[in-house]
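# Inside the fold
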8 protein chains.
Amino acid sequence: MRVGIVMGSDTDLPIMAEAAKVLRDMEIEYEVRIISAHRTPEEAAEYARTARSRGLEVIIAGAGGAAHLAGSLAACTTIPVLCVPMPTTSLDGLDSLYSIVQMPGGVPVATLAIGRPGAKNAGLLAAQILGLKDEAIRRRVEENRIRMKENVLAKDRRLREIGIEAYLQKKNQEKKR
Amino acid sequence: MRVGIVMGSDTDLPIMAEAAKVLRDMEIEYEVRIISAHRTPEEAAEYARTARSRGLEVIIAGAGGAAHLAGSLAACTTIPVLCVPMPTTSLDGLDSLYSIVQMPGGVPVATLAIGRPGAKNAGLLAAQILGLKDEAIRRRVEENRIRMKENVLAKDRRLREIGIEAYLQKKNQEKKR
Amino acid sequence: MRVGIVMGSDTDLPIMAEAAKVLRDMEIEYEVRIISAHRTPEEAAEYARTARSRGLEVIIAGAGGAAHLAGSLAACTTIPVLCVPMPTTSLDGLDSLYSIVQMPGGVPVATLAIGRPGAKNAGLLAAQILGLKDEAIRRRVEENRIRMKENVLAKDRRLREIGIEAYLQKKNQEKKR
Amino acid sequence: MRVGIVMGSDTDLPIMAEAAKVLRDMEIEYEVRIISAHRTPEEAAEYARTARSRGLEVIIAGAGGAAHLAGSLAACTTIPVLCVPMPTTSLDGLDSLYSIVQMPGGVPVATLAIGRPGAKNAGLLAAQILGLKDEAIRRRVEENRIRMKENVLAKDRRLREIGIEAYLQKKNQEKKR
Amino acid sequence: MRVGIVMGSDTDLPIMAEAAKVLRDMEIEYEVRIISAHRTPEEAAEYARTARSRGLEVIIAGAGGAAHLAGSLAACTTIPVLCVPMPTTSLDGLDSLYSIVQMPGGVPVATLAIGRPGAKNAGLLAAQILGLKDEAIRRRVEENRIRMKENVLAKDRRLREIGIEAYLQKKNQEKKR
Amino acid sequence: MRVGIVMGSDTDLPIMAEAAKVLRDMEIEYEVRIISAHRTPEEAAEYARTARSRGLEVIIAGAGGAAHLAGSLAACTTIPVLCVPMPTTSLDGLDSLYSIVQMPGGVPVATLAIGRPGAKNAGLLAAQILGLKDEAIRRRVEENRIRMKENVLAKDRRLREIGIEAYLQKKNQEKKR
Amino acid sequence: MRVGIVMGSDTDLPIMAEAAKVLRDMEIEYEVRIISAHRTPEEAAEYARTARSRGLEVIIAGAGGAAHLAGSLAACTTIPVLCVPMPTTSLDGLDSLYSIVQMPGGVPVATLAIGRPGAKNAGLLAAQILGLKDEAIRRRVEENRIRMKENVLAKDRRLREIGIEAYLQKKNQEKKR
Amino acid sequence: MRVGIVMGSDTDLPIMAEAAKVLRDMEIEYEVRIISAHRTPEEAAEYARTARSRGLEVIIAGAGGAAHLAGSLAACTTIPVLCVPMPTTSLDGLDSLYSIVQMPGGVPVATLAIGRPGAKNAGLLAAQILGLKDEAIRRRVEENRIRMKENVLAKDRRLREIGIEAYLQKKNQEKKR
């Protein structure tokens, strides 16, 4: 395992699955764990303390509300810790964002966007980090960029060819299927 | 020691001294500690885990930014943990507030106001909690309430007697001294 | 009755019922009341003023919007007052949070998280406070912590055994039932 | 006395003096009081309950942080209660604003702007309300409007005559005096 | 007509109808108008300029987003202008609130809560203002307060009698009908 | 083509179609493109750099989240760039707004309202700009203003004639059709 | 005069002078006026209504707090109205921003950044708009862009040559002069 | 050079110097550049596109306001891009934070805390990333952690030995020197 995906609750799993999907596409070995900074604090500390010796090179944490998981892990390891703020019902994920991004000087946590785009980008950032020493991963990251670009160009072409109304109609039809 | 006042950095000390002052006035034994959830995570866990056996009945934490200290302590003990969000330069203490108050169900932290008023109230709330089983403390809390009330009534009388201008002038003179 | 759960409107009841549930599980006697700081101000003051003499040791208030209930009660008693900010439609509960947590120095209110997690934690914090002098309650609080921990560990094991896809599928099936 | 200006602390006095100044200019009798919703709750309730019978027609309250004063007064009287949210160091007066303006249906509080402009406007609004039955006050309100307008027109003329640089220079000189 | 209820768009009507309902209950004559500060600026200015001479004593405005209606009206009249910030889809009504409450010194607008509670309270505040010179209205306002209070007391009694579960069940049944 | 409507993703199309509709009504030639500042950065730069030489006079961009599209385009051209912040699920479009409106001195972007009203106004503002040198467009803009005004006046008349209840009933019926 | 710079109060003048400076540099004729939407509403409406016939092609407004000036002007003219939100002491200019940018569909206002950068950009955007039909202005806008770019390149070169410490030292020395 | 520190303006230099200081302490080669996404867009794209081939392994960007620099760089390279949101005068750095952290799925930017702590942590995170393949750097990162920890422990000891008053006095004396 080179990457550990950790979340405090299984309600975060549908979002964090995006990070796992990216790692699978990039052919990077990963594990997925439910560990809570508040309900299993010893397990959280233990997980981070032994991370490097177990071969982990990056930890991706998902946390919401008073989101302490990433900071708790980062306090116990020096491998990079990336974190995805979970959307929350009461404060729109702003509580998650603030309690993750505002880490004090000395213990960094790399914060990504709130929710799904952040989880996807956490997977990609992990791949970019591992790509610094693994040529095959780097190539897959770059191929992914090219696919994304071609995808945008194709949509742009289609829109120019068929116009707004037809484009929106087709998009709605595809959704329904 | 019945109350532990803990803060993550000595920059929080001028504010947390307000809590200490209240406890001293209430004749409640306390200790003051600098322990960081991020830089000394093991000490933080250890402090909370042994708190009750060392005789502590309440912990008052002061924390700022991605403020994990109170949550980290609360995760390792079942004595009440009160927390004062520190004012911060970039986000006005809102980052501290959100990362303290939005604790997940299961591990409560009692949040007070941001900064000095919160530190003072943390001391008072600790006294109110201890007052549930300690008659002398309860009496001191109630006397303190009466003094506060008399203080307001005295100011009100003075304002009515001398009027706004004279009142503001005297207040300014007192400040300068 | 050792704990009074008070709310300003019966629309807060589904959320505040979480606090009641915790107290019942902890075998702590409680009462539930609808008293409004704005529509029944005299009853609110009376309730708080007589709280201690009627045997109450903790008050849990639920309040939303310009949320004055907890502060009004705290002004008239020196037993600990805990407060749960209610979610609101227009300002996401931020109005409730600010009008509860920012109490002036001298009259503390212990603020919990917005909504359900806060209500649950208010019940737990009340139990932790009473546990300082009641051994049986303290034991139940600690057993609850252990159950929570085991629950997380069990989910973690299941996720590791069956993987993300199967886990999410089972979770969805359980929801539908 | 037709208007009561009430504030929770004498630190609000420099701002609330703006309301008093307007009332004096409008030749409306007023009183100024320091009464705290949290430290003198009984006095606050008593003040509001007897307001109408003592001849008061409008109450202007100034309150900051978890700002309950206006709501507490409004709960005990049916004369109009106007409120000025005080600026606060930690949350820029947003805590004051939210805890004043978001009153529940049934007990209105008329909220003005945060700080000095709000205090001035509270005085003017009180005058506008009293002007509904007092011709002399109404005339003074309208004369004040005309003066304000002429003041703007005069500045506009001066700026057009002497240009930006000279205008700013003169303004700086006037400040220094 | 003694009160004019004005809104910038008929989408505000369901909310502003709450203000109308209160005035009808209080037996106060009112008119309801759709006038836009941005799309019919001349009509808005004209409406306010002639308000007093047409017998209006209070204007209640409802406005959302960059909510200029109340300020535009207040600039052209010296009768009291009350304003209800409309909820908005993108910024939760915060844009409405800020653009209404932060009026500059000299031209007051009395701001109420965002949405329905604010509309109801605008009607009540208008009644409280008119009640200063109209004994019958004042009496109706006070009766309304008593009804509200009795309503809360009745709910409190019912809750104490039947308990949380039964209360919630009955409430759900009433909703369905 | 005189106006280019550009968006970073086809999910923005339903909103940006409002801008296109206005331009069509104003008989202004426009093109619609999907170009991403982050996924097709070279195409974005190229689009802006060649805009003026291809005859474009105004660019309307729609962008959400960390919304860099308008700024990236504005950095590469000196024709006016207008931008519509997209609503976002996590931060209510506030992230879009801040990352568009706070452009540094030197490279202006004209920001419109979040979402649909902003897209419509971007189309209108483009027409107003082109109307400075094109008499026919100017006339159409002014006719549009008059239609808007008459629309408000008609609704106002209808409301006055039939009253609130009937008006709301008819509106609901029209919606259902 | 081709551009009118309008502000509600002379306290906005130091900031709005930045817009004037840009127009002077671009050799565009402009006028500067103090007109208040709230204190001189008739003058504001008149100014906008006659703007086009007096030869104005763009209006730049500066407004703060409940910032209605730009919207009031835009309601009475169809030439482009640009607006600079003023910084405010209580809400950091957020009140200004929201009350300007969230204009309803139909009456656009082009919003720039809060404060000085926004004022500078308002001047530049006006120049870009006029540059669409005035070749000389367009050339000056482009020369300005090149100067800005060269300025950044020069700083970059200096930093690379002398390093961080020397660069910061020189910068501090230049400030002191 | 293994790390590139890039900022949009030399006003960001005092903060970004913190990142440089960490890299120097960690004996990691770095370069510092002033490149603006808005004023030198071609240089920004060129810098990122050639970053890997010039040997760079991590880019640290500092950006404020509508902060597009990091996103613009990340769009043109697949080496990790870390970003420090700059504090801003009008919106407290919230504009910087939102426009950096909310990157769309596909192009990750690792966001650190606002201002100095974020700049320091960007340097540390870069070191942690390089430490994955460079044993010497990894060791220095771990030594740094131990020094931080010992520093906290020393302060804690001193506070316990000399008490709050003496501690604060000594701290003030040290500041004055």
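The structure reproduced in this document is the subject of the present report.

Analysis parameters
Residues numbered from 1 in each chain as written. Chains lettered and ligands numbered in written order. Predicted model: local features only at pLDDT ≥ 70, side-chain atom pairs only at ≥ 80, totals over all residues. Heavy atoms only, no water. Helix = DSSP H or I, 4+ residues; strand = E, 2+ residues; numbered from the N terminus. Buried < 20%, exposed > 50% of the residue type's maximum accessible area, 1.4 Å probe, protein only. Contact = heavy atoms within 4.5 Å. Areas by Shrake-Rupley, 256 points an atom, 1.4 Å probe, with all protein chains shown as cover. Lys, Arg positive; Asp, Glu negative; His and termini not counted. Charge placed at Lys NZ, Arg CZ, Asp CG, Glu CD. Buried area = accessible area lost by both parts, 1.4 Å probe. Salt bridge = Lys/Arg side-chain N within 4 Å of Asp/Glu carboxyl O. Polar contact = N/O pair within 3.5 Å; in protein donor to acceptor, adjacent residues only side chain to side chain. Nonpolar A, V, L, I, M, F, W, Y, C, P; charged D, E, K, R; others polar. Least-squares fit on C-alpha atoms with pLDDT ≥ 70 in both. Pairing = 2+ DSSP bridges.

## Here's the deal with the overall build of chain A
- Per the secondary structure count, chain A includes 6 helices and 5 strands.
- Ordered by position from the N terminus, the helices and strands of chain A form the series β-α-β-α-β-α-β-α-β-α-α.
- Buried positions account for 66% of the 177 residues belonging to chain A.
- Relative to all contacts within chain A whose residues are 6 or more apart in sequence, the contacts with residues 24 or more apart total 66%.
- About 6,200 Å² of surface is accessible on chain A, with carbon and sulfur atoms providing 48% of the total.
- In chain A, which carries 26 positive and 22 negative side-chain charges, the distance between the mean positions of the two groups comes to 5 Å.

## What about the interface of chain G and chain E?
- Each partner contributes to the interface: chain G provides 23 residues, whereas chain E provides 23 residues.
- Taking both sides of the interface into account, the surface hidden between chain G and chain E amounts to around 1,900 Å²; carbon and sulfur atoms contribute 65%.
- Of all residues in chain G, His38, Tyr98 and Gln102 of chain G give up the largest surface area on contact with chain E, accounting jointly for 30% of the area buried on that side.
- Linking chain G to chain E there are 2 salt bridges.
- Here chain G is connected to chain E by 10 residue pairs in polar contact (both at pLDDT 80 or more).
- Taken together, the elements giving at least two residues each to the side of chain G that touches chain E come down to helix 2 (41-49) and helix 4 (94-101) of chain G.
- Of the residues forming the side of chain G that touches chain E, the biggest block, 4 residues, is contributed by helix 4 of chain G.
- Taken together, the residues of the side of chain G that touches chain E break down into 12 nonpolar, 7 polar and 4 charged.

## Here we look at the relation of the copies chain G and chain E
- In screw terms, the move from chain G to chain E is a rotation of 180° and a rise of 0.0 Å along the axis, fitting with an RMSD of 0.0 Å. The relationship between the two copies is best expressed as a two-fold rotation axis. Measuring from the rotation axis to each C-alpha of chain G, the shortest distance belongs to Ser99 of chain G, at 2.3 Å.
- In this assembly the copies share their binding face: 100% of the residues contributing to the interface of chain G also contribute to that of chain E.

## With respect to the arrangement of the chains
- At the level of C-alpha atoms, the two units chain A and chain D stay apart, their nearest approach being 15 Å.
- A minimum C-alpha distance of 17 Å separates chain C and chain H, which share no contact.

## As for the relation of the copies chain A and chain H
- With an RMSD of 0.0 Å, chain A superimposes on chain H once it is rotated by 180° and translated 0.0 Å along the axis.
- Interface overlap between copies: 100% of the residues of chain A at the interface are likewise at the interface in chain H, consistent with a symmetric, same-surface contact.

## Let's talk about the pattern of salt bridges
- Scanning all chains against the criterion turns up 146 salt bridges over all chains.
- Of the charged contacts, one joins Glu57 of chain D and Lys133 of chain D as a salt bridge, the two residues approaching to 2.5 Å between their closest N and O atoms. Taken together, the residues span a long stretch of sequence, with Glu57 of chain D in the loop between helix 2 (41-49) and strand 3 (58-63) and Lys133 of chain D in the loop between helix 5 (116-130) and helix 6 (135-176) at a distance of 76 residues.
- Here Lys133 of chain D falls in the partly exposed class, since its relative accessible area comes to 39%.
- Measuring nitrogen to oxygen at the nearest pair gives 3.8 Å for the salt bridge that ties Lys149 of chain F to Glu42 of chain E.

## Details of the pairing of strand 3 (residues 58-63) of chain F
All names here are of chain F.
- Most of strand 3 sits inside the fold, with 6 of its 6 residues counted as buried.
- The alternating pattern of strand 3 places Val58, Ile60 and Gly62 and Ile59, Ala61 and Ala63 on opposite faces, both of which are buried.
- By the bridge criterion, 5 bridges tie strand 1 (residues 3-7) to strand 3 in an arrangement that is parallel. When the bridges of strand 3 are listed, Met7 appears paired with Gly62.
- Here strand 3 runs beside strand 4 (residues 81-85); their pairing, made up of 5 bridges, is parallel.

## Some words on the interface of chain A and chain H
- Tallying the contact residues gives 41 residues for chain A and 41 residues for chain H.
- In total, about 3,400 Å² of surface goes out of reach between chain A and chain H, with carbon and sulfur atoms giving 60% of it.
- Between chain A and chain H we count 2 salt bridges in total.
- Among the salt bridges present, the one from Glu142 of chain A reaches Arg52 of chain H, with a minimum N-O distance of 3.8 Å.
- For the interface between chain A and chain H, the tally reads 23 residue pairs in polar contact (both at pLDDT 80 or more).
- Elements represented by at least two residues in the side of chain A that touches chain H include exactly helix 4 (94-101), strand 5 (110-111), helix 5 (116-130) and helix 6 (135-176) of chain A.
- Its residues assigned to classes, the side of chain A that touches chain H comprises 25 nonpolar, 9 polar and 7 charged.

None of this, on its own, says anything about what the molecule does.
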